[in-house]
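The lines below spell out each chain.
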Amino acid sequence: MPTATSTDVQDQQPRVAVLPVGSFEQHGRYLPLITDTAIACIIGREIASSYPVHLLPPITMSCSHEHAAFPGTVSISAKTLYAVIDDIRASLARSGIHKLVIVNGHGGNYVLSNVVQEANVDGPTVSLFPLGADWDRARDHAALSSDRHADMHAGEIETSILLHAAPELVRDGYNEADHDGGARPFLLVQGMEAYTESGVIGFPALGTAEKGKAVLASLTESFALHVAALGGSR
């Protein structure tokens, strides 16, 4: 959670706010329900340590409906997530911060692309991070063995990030939980349960703390592209 005071923000006068968006959904038996939120917050913390941004606390529940068959998962509707972010943007604008980067930790939050699309009609104000290209660069930089499709959920990249930044969240069993979910053409129709019994689609056994550190370093560097697209941080 960010610990800045109001005075800190007044002194810094940031032009860009960073909003982590996670989820509360199953991640197998070895990663917690808060995994996506934790990762979004970790990325946000890394960004805030390198750029003059206003780091916000996370949105902790989002659109995890494809995980509904697994105990513990909680979702909100796409329209609710849209409305919450719209309200946050309006509040930031009233305080003089007109640029927002949404750090998305959950791939199922498809509505965030529409939030960004509509927000930028009259000029660049919102960016969604990381994009697919940002993740791909991070995978290459960290020499991950899996790709984004095969390593969709609770796999190599998520396990690596947490092993590096929050190892206390990773329970035993990840090194025996690899599962290839295949093509998954009807994921949004049939849900995750059609493609995995454990809730895992990916290769957590390949995860290491060293890979997680390298992934975060790459993402932090890639963030500069988003700042530039919004017109700079100052």
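Use the structure listed above.
### Quick look at the pattern of salt bridges
Reasoning step 1: Tallied over the entire structure, the rule returns 5 salt bridges.
Reasoning step 2: Ionic pairing is found between Asp86 and Arg89, a salt bridge with its closest N-O pair at 3.6 Å. With Asp86 and Arg89 both in helix 3 (residues 78-94) and 3 residues apart, the pair spans about one turn of that helix.
Reasoning step 3: Judged by its relative accessible area of 36%, Asp86 falls in the partly exposed class.
Reasoning step 4: Classification of Arg89 as partly exposed rests on a relative accessible area of 25%.
Reasoning step 5: In this structure, Asp136 and Arg148 form a salt bridge, with 2.8 Å as the shortest nitrogen-oxygen distance. In this pair, Asp136 sits in helix 5 (residues 132-141) while Arg148 sits in the loop between helix 5 and helix 6 (156-165), placing the two residues 12 residues apart along the sequence.

### Overview of the packing of helix 6 against helix 8 (residues 209-229)
Reasoning step 1: Contact geometry of helix 6 with helix 8 gives a least axis separation of 7 Å together with a crossing angle of 95°. Considering the angle they form, helix 6 stands roughly perpendicular to helix 8. Counting all contacts with helix 6, which are made through Glu156, Ile157, Ser160, Ile161, Leu163, His164 and Ala165, the residues of helix 8 involved are Ala209, Lys211, Gly212, Lys213, Val215 and Leu216.
Reasoning step 2: Each residue belonging to the contact of helix 6 with helix 8 can be placed in one class, and the counts come to 7 nonpolar, 3 polar and 3 charged.

Criteria and cut-off values
- Residues numbered from 1 in each chain as written.
- Predicted model: local features only at pLDDT ≥ 70, side-chain atom pairs only at ≥ 80, totals over all residues.
- Heavy atoms only, no water.
- Salt bridge = Lys/Arg side-chain N within 4 Å of Asp/Glu carboxyl O.
- Helix = DSSP H or I, 4+ residues; strand = E, 2+ residues; numbered from the N terminus.
- Buried < 20%, exposed > 50% of the residue type's maximum accessible area, 1.4 Å probe, protein only.
- Axes fitted to C-alpha atoms, helices over the stretch in contact; angles between N-to-C directions.
- Parallel < 35°, antiparallel > 145°, perpendicular 65-115°, else oblique.
- Contact = heavy atoms within 4.5 Å.
- Nonpolar A, V, L, I, M, F, W, Y, C, P; charged D, E, K, R; others polar.

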